[in-house]
Amino acid sequence: MTDNLELAARAQELADNAPAGSLSRTAAHSVAITLATTRDTDHARSVLDGLDPAEVRRAALELFGELTNA
């Protein structure tokens, strides 16, 4: 199992490679920060469920699912 910090590093890499100002960059940054500051993926998922606006939440949850294969 991959730990939160490894997943956060992958999300940060995706954010760094996404176009500036894009939804994908914002979502990837949100996922990276959330994973880096939560104790496990369940906790991270619950935090991401509270993101606003909805379009960022949807994109972040999609990316989170891809990273965690959930």
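Heads up: the structure comes first, above all this text.
Now for a description of the structure that goes with this document. (Residues numbered from 1 in each chain as written. Predicted model: local features only at pLDDT ≥ 70, side-chain atom pairs only at ≥ 80, totals over all residues. Heavy atoms only, no water.)

A look at the side chain of Thr-38
Piece 1. Mapped onto the secondary structure, Thr-38 falls in the loop between α2 (23-36) and α3 (41-48).
Piece 2. There is a polar contact of 2.8 Å between the side chain of Thr-38 and the backbone oxygen of Thr-34.
Piece 3. Setting aside residues up to four positions removed in sequence, Thr-38 forms contacts with Asn-4, His-43, Ala-44 and Val-47. (Helix = DSSP H or I, 4+ residues; strand = E, 2+ residues; numbered from the N terminus. Polar contact = N/O pair within 3.5 Å; in protein donor to acceptor, adjacent residues only side chain to side chain. Contact = heavy atoms within 4.5 Å.)

Points about the environment of Ala-27
Piece 1. For Ala-27, the location among the structural elements is in helix α2.
Piece 2. Considering only alpha carbons, one finds Ala-27 and Asp-40, 13 residues apart in sequence, at a separation of 19 Å.
Piece 3. With residues near it in sequence (within four places) discarded, Ala-27 still touches Val-56, Ala-59, Ala-60 and Leu-63.

A few points about α3
Residue pairs spaced three or four apart in an α-helix point in one direction, given the helix's 3.6 residues per turn.
Piece 1. Those residues of α3 lying buried are Thr-41, Ala-44 and Leu-48. Considered in projection along α3, the buried side chains sweep an arc of 55° and stay on one side of the axis.
Piece 2. Each element contacted by the buried residues of α3 is listed here: α1 (4-17), α2 and α4 (54-68). (Buried < 20%, exposed > 50% of the residue type's maximum accessible area, 1.4 Å probe, protein only. Arc of directions from axis to C-beta.)

It is worth stressing that arrangement in space is one thing and function is another; only the former is reported here.
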